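# Observations on the model geometry
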Amino acid sequence: MTTIVNSWNDFDPLKHVIVGRADFSVIPPEEPATSEKVPIDSEMRGMWGPRPTATVEAANEQLDNYAKILEGLGIKVDRPTPLQWNQAITTPDFRTESGFTQMPPRDILLTIGKEIISSANSFRCRYFEYLAYWPLMKQYFDEDPEFLWTQAPRPRLTDKSYKHNYYDEKISLEERLERTAAKDFVTTEFEPMWDAADVMRVGKDLFIQHGLTTNRTAMEWFKRYYPDLRVHAVNFPGDPYPIHIDATFVPLRPGLIINNPHRRLPEEQRKIFEANDWQIVDAAQPAHDTPPPLCYSSVWLSMNCLVIDHKTVCVEASEVHQMEQMDKLGMNVIPVPFRDAYAFGGGLHCATADVYREGTCEDYFPNQVDDPTLV
Ligand code: DAV
């Protein structure tokens, strides 16, 4: 029997992965969910349309090179099939003028064991992004008799899913941070909405970030869908734009997590890690003061690394401080140039989705303390 799909965490030996592509990427027009994410001073405000061809080519060059590096490590690499994203998306409930990209599969595909679930994204422009991965899902389904090909309940994304006038040009950074701490986000609890990149998989435990892109209702859905797993809700008050856990809280191997020092996990949410002897260390400072032009993400893509196995990690080639820290933490570092791809949807972790890692569903947190994060 052929097993194609199996992955329970982000650190066991990686054998098969999907690496995104930048073709036909579009800067989408504003919509209720995205206006909140694009920083007020970003040059992307009010701008939308296909990304310039030269930037797409530069991003694809780095993505192709990344795929080659992974193949050189003996990892099988699959790529999505690009769609023309510069076309309107219409459902019975909404219309938006364009799609987005197929650069970050991590936002769309969540691999849990032998299942890959397409997410329930809150951005209307991402409604059909899963189609770029459809040919791969079909292939895995044909080849692997145990592969579970799953689609999360599709959100309707009507106005009920977003708070009206939540976004106001006048709110200060302090107010934004207060909202994060109070778990007050642009998305409502009307229906489950989640991006796959908000889910940190650690065997039997799923740690899910409550933020702009993933709500509590989604965590309730996960809890019912996976009765054998434990679902934890975490949030990171220092982040004014909390979207995706993978530039904030990144496991390197069993027992070790790097945490963005500007977005520390609150004390009471650490209990579960402390009770099971997991170490949470501050990530190194980014090497850059600003992200590249037209980028949605922060400079903290520095810590958005891809762990190959318990001793090996890919880090962006210019992130000297992060590389040095990895070395001190006992990891062999593979530098991968990637800054030209950042604007298309993130860093080295964002640009991949797991197909196969060795290992099984282990219980890394057998000491279940009185844990306030448990959903
Ligand atoms: O720090 O902007 C980026 C994560 C993208 N998947 C940040 C988070």
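Structure: see above.
Residues numbered from 1 in each chain as written. Predicted model: local features only at pLDDT ≥ 70, side-chain atom pairs only at ≥ 80, totals over all residues. Heavy atoms only, no water.

## A look at the site of the ligand
Applied cut-off: Each residue is tested against the molecule or strand, and it is near if at least one of its non-hydrogen atoms lies within 4 Å. Polar contact is defined as a pair of N or O atoms within 3.5 Å, subject to the rule that within protein one atom must be able to donate a hydrogen and the other to accept it, and that residues adjacent in sequence are counted only when both atoms are side-chain atoms. In these tables, accessible area is a Shrake-Rupley quantity obtained with a 1.4 Å probe, and a residue counts as shielded only by the protein chains included in the view.
Neighbouring residues of the ligand: 10 residues in total, closest His244, Arg263, Ser297, Ser298 and Cys350. Within the side chain of Asp246, an N or O atom sits 3.3 Å from a nitrogen atom of the ligand. Separating an oxygen atom of the ligand from a side-chain N or O atom of Ser298 is a distance of 2.6 Å. For the ligand, whose unbound accessible area comes to 280 Å², protein coverage reaches 96%.

## Observations concerning the sheet that holds strand β19 (residues 352–357)
Put simply, the test is: At least two DSSP bridges between two strands are needed for those strands to be called paired. In this description a helix means any DSSP run of H or I spanning at least four residues, a strand means any run of E spanning at least two, and both kinds are numbered starting from the N terminus. Lines fitted to C-alpha atoms define the axes, with helix axes restricted to the stretch in contact, and inter-axis angles between N-to-C directions lie between 0 and 180 degrees. Between two residues, a contact is recorded if the distance between any of their heavy atoms is within 4.5 Å.
Taken together, the three strands give an open sheet; going across it, the order is β4-β1-β19, and neighbouring strands pair in mixed fashion. Every other strand in the sheet has two partners, leaving β4 (76–78) and β19 as the edge strands with one partner each. Direction aside, the axes of adjacent strands within the sheet are offset by 25 degrees on average. As judged from the three bridges shared by strand β1 (residues 14–19) and β4, these two strands associate in the parallel manner. By the bridge assignment, His16 is partnered in β4 with Lys76. Sheet strands in contact with helix α1 (residues 53–72) are β1, β4 and β19, and its direction is about 170 degrees off that of β1.

## Comments concerning empty space enclosed by the protein
Quick reminder of the rule: Using protein atoms alone on a 1 Å grid, points that fit a 1.4 Å probe yet trap it form a cavity, whereas open point sets bounded by protein on both sides within 12 Å along at least five of seven lines form a pocket; residues with an atom within 4 Å of a point count as lining. Grid points are joined across faces, edges and corners, and a volume is the space filled by probe spheres set on the points. Asp, Glu, Lys and Arg are counted as charged, while Ala, Val, Leu, Ile, Met, Phe, Trp, Tyr, Cys and Pro are counted as nonpolar; the rest, among them Gly, fall into the polar class.
Scanning the entire structure with this criterion turns up three cavities of 30 Å³ or more. The space that makes up the largest cavity amounts to roughly 90 Å³. Forming the boundary of the largest cavity are 14 residues, of which Asp10, Asp246, Val250, Pro251 and His349 lie nearest the centre. Taken together, the elements giving at least two residues each to the lining of the largest cavity come down to β10 (199–202), β13 (249–253) and β16 (306–309). Top contributing element to the lining of the largest cavity by residue count: β13, with three residues. A per-class count over the lining of the largest cavity returns 10 nonpolar, two polar and two charged. Of the volumes computed, that of the second largest cavity is approximately 80 Å³. Every residue along the wall of the second largest cavity is listed here: Asp10, Arg106, Leu109, Leu110, Thr111, Ala196, Ala197, Val199, Arg201, His349 and Asp354. Going through the elements one at a time, β7 (109–112) and β10 are the ones with two or more residues in the lining of the second largest cavity.

## Let's talk about the packing of aromatic side chains
For the record, the criterion: Here a Phe, Tyr or Trp ring, Trp counted by its six-membered ring, pairs with any other such ring whose centre lies within 6.5 Å, and the pair is stacked when the planes are under 30 degrees apart, edge-to-face when over 60, and tilted otherwise. We count a charge as sitting over a ring when the NZ of a lysine or the CZ of an arginine lies within 6 Å of the ring centre and within 35 degrees of the ring normal.
Scanning the model with the defined rule gives 21 aromatic pairs in all. Note on Phe11 and Tyr364: the rings are 5.6 Å apart at their centroids and 85 degrees apart in plane angle, and the pair reads as edge-to-face. With Phe11 in the segment before β1 and Tyr364 in the segment after β19, the pair connects residues that are 353 residues apart, well separated along the chain. Through pairs of rings, three or more aromatic residues link up here, namely Phe11, Phe207, Phe236, Phe249, Phe273, Trp278, Tyr364 and Phe365. Sitting above the plane of the Tyr127 ring, Arg154 keeps its charged end 3.9 Å from the centroid.

## Observations regarding the environment of Lys183
Topologically, Lys183 is positioned in the loop between α3 (173–181) and β10. In this structure, the C-alpha to C-alpha distance between Lys183 and Pro237, residues 54 residues apart in sequence, is 8.3 Å. If sequence neighbours within four positions are ignored, Lys183 has contacts with His210 and Asn235.

## Details of the side chain of Asn235
Counted only if it meets this: Classification of residues uses two cut-offs on accessible area relative to the type maximum, computed with a 1.4 Å probe and protein chains only: under 20% is buried, over 50% is exposed, and between them is partly exposed.
Tracing the chain through its elements places Asn235 in the loop between β12 (230–234) and β13. The exposure class of Asn235 is buried, given its relative accessible area of 2%. In this view, Asn235 contacts Thr180, Ala181, Lys183, His210, Leu265, Pro266 and Gln269; residues no more than four positions away in its chain are not counted.

## Structural notes on the pattern of salt bridges
Side-chain pairs of opposite charge can arise where the charged atoms are in close proximity. To be explicit about the condition: For salt bridges, the criterion is a side-chain nitrogen of Lys or Arg within 4 Å of an Asp or Glu carboxyl oxygen.
All chains considered together, the criterion is met by 23 salt bridges. The salt bridge partner of Arg126 is Asp195, with a shortest N-O separation of 3.9 Å. Of this pair, Arg126 sits in the loop between β8 (115–118) and α2 (134–143) while Asp195 sits in the loop between α3 and β10, and the two are 69 residues apart along the sequence. Of the two residues examined, Arg126 and Asp195, each falls in the buried class. A salt bridge links Lys328 to Glu324, with the nearest nitrogen and oxygen atoms 3.2 Å apart. On the criterion of helical spacing, the pair formed by Lys328 and Glu324 is a turn pair, its members being four residues apart in helix α6 (residues 320–328). By sharing partners, the salt bridges in this structure join Asp10, Arg106, Arg201, Asp354 and Arg357 into a single network.

Any functional reading would require information beyond the geometric quantities listed.
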